[in-house]
Amino acid sequence: MKALRRFTVRAHLPDRLTALEPLSVNLRWSWDKPTQDLFEAIDPQVWHQVDGDPVALLGQVAPARLEELAGDESFVERLGMLAEDLDTYLTRPLWYQGLADEQGVEPPKGIAYFSMEFGVAEVLPNYSGGLGILAGDHLKSASDLGLPLIAVGLYYRSGYFRQSLSADGWQHESYPALDPQGLPLRLLTDKAGAPVLIKLALPDDAQLNAQVWVAQVGRIPLLLLDSDIPENEHELRTVTDRLYGGDQEHRIKQEILAGIGGVRAIRAFTEIEGLPAPEVFHMNEGHAGFLGAERIRELIEAGLDFDTALAVVRASTVFTTHTPVAAGIDRFPAEMVERYFGTGSEEASVGGSRLLPGVPLERILAFGAEDDPSKFNMAHMGLRLAQRANGVSLLHGRVSREMFNELWPGFDPAEVPIGSITNGVHAPTWAAPHWIELGRELLGSEDLTQLREMESWSRLQKVDPGHLWWIRNQLRAELIEDVRARLRRSCLQRGASDAELGWIPTAFDPNVLTIGFARRVPTYKRLTLMLRDPERLANLLLDDKRPIQLIVAGKSHPADEGGKALIQQIVRFADREDLRHRIAFLPDYDMSMARKLYYGCDVWLNNPLRPLEACGTSGMKSALNGGLNLSIRDGWWDEWYDGENGWEIPTADGLADENRRDDLEAAALYDLLERAVTPKFYDRDEHGIPTRWVEMVRHTLQSLGPKVLASRMVRDYTQKYYLPAASALRAVIEPGLPDSGEYAMPFGSARELADYRRRAEQAWPRIEIADVDSYGLPDVPLLGSELTLTAQVYLAGLRPDEVVVQAVLGRVDGGDVLVDPATVPMIHTGTADSGNEIFTATTPLPFAGSVGYTVRVLPCHRLLAGPSELGLVTLA
Ligand SMILES: *Cc1c(COP(=O)(O)O)cnc(C)c1O
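Given the structure is predicted, the values throughout are model-derived calculations rather than measurements. (Residues numbered from 1 in each chain as written. Predicted model: local features only at pLDDT ≥ 70, side-chain atom pairs only at ≥ 80, totals over all residues. Heavy atoms only, no water.)

1. Considering the site of the ligand
Threshold: One heavy atom within 4 Å of a molecule or strand makes the whole residue count as near it. Here a polar contact is recorded for every N or O atom pair within 3.5 Å, except that within protein the pair must consist of a potential hydrogen donor and a potential acceptor, and residues adjacent in sequence are included only if both atoms are side-chain atoms. The Shrake-Rupley method, run with a 1.4 Å probe, gives the accessible areas here. Residue values count only the displayed protein chains as cover. Strands here mean DSSP runs of E at least two residues long; helices mean DSSP runs of H or I at least four residues long; both are numbered from the N terminus. Gly is placed with the polar residues, together with every amino acid not listed as nonpolar (Ala, Val, Leu, Ile, Met, Phe, Trp, Tyr, Cys and Pro) or charged (Asp, Glu, Lys and Arg). An automatic or database domain assignment provides the domain bounds reported here.
The immediate surroundings of the ligand are formed by 14 residues, with Arg519, Lys525, Thr617, Ser618 and Lys621 found nearest. Ser618 places a side-chain nitrogen or oxygen 2.5 Å from an oxygen atom of the ligand. The side chain of Lys621 places a nitrogen or oxygen atom 2.6 Å from an oxygen atom of the ligand. Expressed as a share of its isolated accessible area of 390 Å², the protein-covered part of the ligand is 96%. Among the elements of the structure, α8 (130-145), α23 (591-600) and α24 (618-623) are those that each provide at least two residues to the shell around the ligand. Looking at side-chain class alone, the shell around the ligand contains five nonpolar, five polar and four charged residues. The residues that make up the shell around the ligand include at least three from each of domain 2 (95-161 + 173-420) and domain 3 (458-706).

What follows is the structure, encoded as structure tokens:
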């Protein structure tokens, strides 16, 4: 008989061991080896059975064992020390607490961070891939740095899915339900102890309710909304069933819950905990974009008009875009958005909906507008609701500026206000204990915060090559053990009998060059590029003197049959009897498998279609373990490959013929493996050490170590986005000058900005640059000759100080397009008889050769983040 439901009963802890409870539920244990070791010591066998899950361990360990430990002085002492260490970690001042003095501005009192997925630890499988892992690493580093961040997402009853393989290599999905009581979660309750319920009005008088689980990630609370409660009618209980499952109707409910419900959950949480309201709202991808609409509703309810509310929300919102793949952008039928945000009657546009009273439907629709009027684009909404936006690597920033250029018509891509912060990874989570230990030895300190400094990494210089090589060998050997165990489980699961698996104990070799390829399986990542020429790959695997072995893993989205076919191709190849000891596809890629792969692989392979990999982080995790990247120059690798920290696979990204492109890039990959990678690995000195390889390992750690850290990323976000956003928010909340009429009250500055924006948008189509004249150039202009430009501009009602007029100068190409132009501000010098305003600038000619200029008018207001922000420009 199968149980209908399952739940976990936690053991009663003896008095002297009660400190195990907080250590088990704060997920900080997941990146603190001493705490993991403590739990393991309770019962190594059970620890192994429960895959290193402290809550599960405490549920299963025999009470007698706990009693025994309660009498074990050394254990109790160790527990006491670790409990104290956690306490110190949670309370002591960290980097963020020192920021105020250093910067002279007060950093935000709170930051709300929204994401559809969070990969914090394998015990909380709330992620599908890189986006979620990144969010998890963001929280952990925010915790390590002391940021007052609150994270919000959804609690998926079945996470993403578990992957297994059929006998013929086809992906099967299963959706085992998680049991929240068995997870490190607590239910958010109000002061009277009743569960907090978040309520959202849906069409047809339905109401969606959600309870809120709180996971504690070090110092950071992670709120997860859960709709599977009796208060919901049957169908709505499944809203949070799985991550990225279901149809668009399902998705929009999830995103409404994450965005709007997320803000409501934060309000409840901060009130109950007595915390300040967040000043900055960060959307990790556009899924939770409706949060901006909810905040507008709150401000309208507080008495602001829509435009003023929007100005406040924009000032304090940061949007991070993660995909350069147009198909990867979340879009809904506009009709669907109308249904959820309209009243269902004609006055929809006036009164707002039951879901967001007071927020006009047409304004919401305008946030997501794009080329196709039948679509609502979540990325466009993110960009329209956030004054600050970024991509996740230098290259991705550039690609995003082009991709979203349409929202800033009239501007060159370079001026589109989307910056970039390159992703990072959380070292204590992803670096093998061997490296962490070496780091502590070299730094002479338990405290690893010095890893932020380049200088700390230079100390690796004095480590003996033999020792570095020893660590790499250890890690590879541990990986091979893990691979064999997983391979056995997978073969049994696919229907093989034990008797047929005699080959597994000798499959894979701890001394053979080991290459890893593991990630989600969307087409652009090209899982099967390595199979382009199967015999050439087979020869590499089976080479007598210099063989390679390959470990492949990854999940395909359940609806992506194409992705599943790619997996099947790899599985079938790896099933070949002559090859199966050198290549394997391991099912059910997750954080625990990933960690072993990053630790143990010598080479990390990545061959996306450039530039579709926004950043990629798996290669960073490999690099932190001395793995060498072999990658197309895409994402982060485009930025930080330096010729000696790995290899670049030359890209043929200009080619239109995709087949030919795959051929060329695959051939380049094989060539590199044959000519560069394997010779270096197998070229040994008299002690058996591949000295040139080890120097590359050392150089990889030194050059990439300090850069790939999530602590670097979170500090960048803080300095470049969170601090300016908090300042912008405080500026718009300010009243205007005492004699400024309606602006002379709270939010006066936001009113002023909204009013300016309205007037600018009205004036702009009528602004005209009437005449541009140049003076002063000699007959034969020389580099440095002075040029004076004068422009007469009709400002359509705006004052001269409400615009900037710029001379734009640069080289021109054949089509008279200005290339990388420089801008020179023009000064207002008077008013012409016609009423037009006169602007002038004098500038030396900056370039020799074919030079051109033009003049343009842009908005100017002290509360704008930059002149391109509003997407308004008039060119001469
Ligand atoms: C890091 C990581 C990813 C991201 O991999 P990319 O190659 O950057 O796409 C995906 N899944 C898991 C489990 C990871 O740890």
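2. Some thoughts on the sheet that holds strand β21 (residues 628-632)
Basically, it comes down to this: A pair of strands is considered paired only if DSSP assigns at least 2 bridges between the two. Axis geometry follows a simple rule: fit a line to the C-alpha atoms, using only the stretch in contact for helices, then measure angles between N-to-C directions, giving values from 0 to 180 degrees.
Spatial ordering of the open sheet is given by β19-β18-β17-β20-β21-β22, a layout of six strands whose pairing is parallel. On the outer flanks of this sheet lie β19 (583-586) and β22 (646-649), each paired with one strand and no other. Between one strand axis and the next, the sheet turns by 20° as a mean value, whatever way the strands run. In this structure, strand β17 (residues 513-518) lies alongside strand β18 (residues 548-553), joined through six bridges in parallel fashion.

3. What to know about the UniProt feature "modified residue: N6-(pyridoxal phosphate)lysine" (unreviewed entry) in the protein
Condition: UniProt positions are given in the numbering used here, feature names are shortened, and annotations may be inferred rather than shown by experiment. In what follows, a contact means two residues having at least one pair of non-hydrogen atoms within 4.5 Å.
Here, the residues flagged by UniProt with the feature "modified residue: N6-(pyridoxal phosphate)lysine" (unreviewed entry) are Lys621. Along the polypeptide, Lys621 turns up in helix α24. When sequence neighbours within four positions are dropped, the list of residues in contact with Lys621 reads Ile133, Val425, Trp430 and Tyr598.

4. Quick word on the pattern of salt bridges
What counts is decided by this rule: Salt bridges, as used here, are contacts in which a Lys or Arg side-chain nitrogen is within 4 Å of a carboxyl oxygen on Asp or Glu.
Taken as a whole and judged by the stated rule, the model has 62 salt bridges. Among the salt bridges present, the one from Arg339 reaches Glu335, with a minimum N-O distance of 3.0 Å. Of the two residues, Arg339 and Glu335 both sit in helix α12 (residues 334-341), four residues apart, roughly one turn of that helix. What emerges from the salt-bridge pattern is a single network uniting Asp307, Arg363, Asp755, Arg758, Arg759, Arg799, Asp801 and Glu802.

5. A short note on helix α27 (residues 691-704)
An α-helical turn contains 3.6 residues, so a residue and the one three or four places further along point in the same direction. Rules: Expected helix span is computed as 1.5 Å times (number of residues minus one). Each residue's exposure class comes from its accessible area (1.4 Å probe, protein chains only) as a fraction of the maximum for that residue type: buried when under 20%, exposed when over 50%, partly exposed otherwise.
An ideal rise of 1.5 Å per residue puts 20 Å on 14 residues; α27 measures up with 20 Å between its terminal C-alpha atoms. With ten of its 14 residues buried, α27 lies for the most part within the structure.

6. Quick notes on the domain arrangement of the protein
Our working rule: In this description, buried area is defined as the sum, over both parts, of the accessible area (probe of 1.4 Å) that is lost when the two are combined.
Each assigned domain of the protein is listed with its residue range as follows: domain 1 (15-91), domain 2 (95-161 + 173-420), domain 3 (458-706) and domain 4 (756-875). In this assembly, 24 residues from domain 2 lie in contact with 25 residues from domain 3. When the buried area of domain 2 at its contact with domain 3 is split by residue, Glu122, Phe161 and Leu395 rank highest and sum to 29% of it. Taken together, the links from domain 2 to domain 3 amount to two salt bridges. Between Glu122 and Arg595 there is a salt bridge; the shortest N-O distance is 3.0 Å. On the surface where domain 2 and domain 3 come into contact, there are seven residue pairs in polar contact (both at pLDDT 80 or more). Here the side of domain 2 that touches domain 3 gets five residues from one element, more than from any other, and that element is helix α16 (residues 394-403). Here the residues of the side of domain 2 that touches domain 3 are counted per class, giving 14 nonpolar, six polar and four charged.

7. Here's the deal with the side chain of Asn645
Structurally, the position occupied by Asn645 is in the loop between α25 (635-640) and β22. Under the relative-accessibility criterion, Asn645 is labelled buried at 0%. Once residues within four sequence positions are removed from consideration, Asn645 is found in contact with Asn629, Trp637, Trp640, Met696, His699, Thr700, Ser703 and Leu704.

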